[in-house]
Amino acid sequence: MLRFWAILGVAALVLATGCEKARDSYYKALEKVGVEKREVLVGRVEKARDAQQEAQQQFRDALQEFQSIVGYRGGELEAKYEKLRGEYEDSKKRADDVNDKIRAVRNVATSLFKEWETELGQFTDANLRAESQRELRETQRRYGQVVAVMEKAATRMDPVLRKLNDQVLFLKHNLNARALGSLQGTARSLQGDVDGLVRDMEASIAEASKFIEEMAKQPS
């Protein structure tokens, strides 16, 4: 079973940015083994939430490393620079992972809602059709809220990454006490950016967790 889900994870990653036809074939294959699109959607929201949790911590680590180098008076400046550069690279990878996971959520949601809309026309019982349509609209509404909060938090990452990259580039050729001392203002600004990012990510993580809980309570 673990191997099965590992294969699914790899396939989902490959198909996340693939063509719509390939994604539809993938979802149909999952349905044949009892995995519905709704389950895939919840699973991807969960993965996006987890990716944001990891990114949140990574950006905190990068900020801490940058703050430690500002005004640094000790030796081994090259080692300090390399550590900061590594934190920036790790932050960029985490940001890319978050964006990939959000894109995967959007892909499966598009397929799920398209199929759901089509199947509404197959009902012969008007009451059941109305109930299914109500559930669809509510799921779309909640999904829209979750994805909007996720994307808002994700957009916060770019300004922080740009600022970190600028500092890494600057320090690459200015590893001296005077240059480090001049970064106090940047450190305060970066602190504000990261604080804002963390707040938005915390809101996104909470919203995703709430969505996952709500979907678990709905009849499959």
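Calculation rules
- Residues numbered from 1 in each chain as written.
- Predicted model: local features only at pLDDT ≥ 70, side-chain atom pairs only at ≥ 80, totals over all residues.
- Heavy atoms only, no water.
- Phe/Tyr/Trp six-rings, centres within 6.5 Å; stacked < 30°, edge-to-face > 60°.
- Helix = DSSP H or I, 4+ residues; strand = E, 2+ residues; numbered from the N terminus.
- Buried < 20%, exposed > 50% of the residue type's maximum accessible area, 1.4 Å probe, protein only.
- Expected span 1.5 Å × (residues − 1).
- Arc of directions from axis to C-beta.
- Contact = heavy atoms within 4.5 Å.
- Core = buried A, V, L, I, M, F, W, Y, C linked by side-chain atoms within 4.5 Å.
- Salt bridge = Lys/Arg side-chain N within 4 Å of Asp/Glu carboxyl O.
- Axes fitted to C-alpha atoms, helices over the stretch in contact; angles between N-to-C directions.
- Parallel < 35°, antiparallel > 145°, perpendicular 65-115°, else oblique.
- Left-handed = near helix turned anticlockwise from the far one by under 90°.
- Nonpolar A, V, L, I, M, F, W, Y, C, P; charged D, E, K, R; others polar.

A look at the packing of aromatic side chains
This structure, assessed with the given rule, holds one aromatic pair. With a centroid separation of 5.5 Å and an interplanar angle of 65°, the aromatic rings of Phe113 and Tyr143 are classed as edge-to-face. You can see Phe113 sitting in helix α4 (residues 77-120) and its partner Tyr143 sitting in helix α5 (residues 126-155), a full 30 residues away along the chain. Accessibility classification places Phe113 together with Tyr143 in one group, the buried group.

Examining the environment of Gly181
Inspection of the secondary structure puts Gly181 in helix α7 (residues 177-181). Residues Gly181 and Ile69, spaced 112 residues apart in sequence, show a C-alpha to C-alpha distance of 9.1 Å.

Observations concerning helix α6 (residues 157-172)
If you check α6, its first and last C-alpha atoms are 22 Å apart, about what 16 residues at 1.5 Å a residue would give, namely 22 Å. Those residues of α6 lying buried are Met157, Val160, Leu161, Leu164, Gln167, Val168 and Leu171. Buried residues of α6 fall within an arc of 130° about the axis and therefore sit on the same side. Where α6 is buried, its residues touch α3 (37-69), α4, α5, α7 and α8 (184-217).

With respect to the nonpolar core
By size, the foremost hydrophobic cluster in this structure holds 52 residues, and its most contacted members are Leu41, Val45, Phe59, Phe66, Tyr143 and Met157. Elements with a contribution of two residues or more to this core: α3, α4, α5, α6 and α8. For this core, the leading source of residues is α4, giving 14 residues. Residues contacting Phe59, with those up to four places away along its chain left out, are Ser91, Ala95, Met157, Val160, Leu161, Val194 and Leu197.

Things to note about the pattern of salt bridges
Within the structure shown, the criterion is met by 18 salt bridges. Salt bridges sharing common partners tie together Glu46, Arg49 and Asp50.

As for the environment of Ala95
Tracing the chain through its elements places Ala95 in helix α4. Sequence separation between Ala95 and Ala51 is 44 residues, and the spatial gap between their C-alpha atoms is 8.5 Å.

A look at the packing of α6 against α8
The geometry of α6 relative to α8 is characterised by a closest axis approach of 9 Å and an angle of 150° between their N-to-C directions. Taken together, the axes of α6 and α8 are roughly antiparallel relative to one another. Of the two possible hands of crossing, α6 and α8 adopt the one that is left-handed. Contacts between α6 and α8 involve Met157, Val160, Lys163, Leu164 and Gln167 on the former and, on the latter, Thr186, Ser189, Leu190, Asp193, Val194, Leu197 and Met201. Grouping the constituent residues of the contact of α6 with α8 by class yields seven nonpolar, three polar and two charged.

Things to note about the packing of α4 against α6
Close contact between α4 and α6 brings their axes to 10 Å; oriented N to C, the two are set at 155°. When the interaxial angle is binned, α4 and α6 end up roughly antiparallel. Here the hand of the crossing between α4 and α6 comes out left-handed. Note on element contacts: α6 touches α4 through Met157, Leu161, Leu164, Asn165, Val168, Leu171 and Lys172, opposite Tyr81, Leu84, Arg85, Tyr88, Ser91, Lys92, Ala95, Val98 and Asn99. Looking at the contact of α4 with α6 residue by residue, the classes come out as 10 nonpolar, three polar and three charged.

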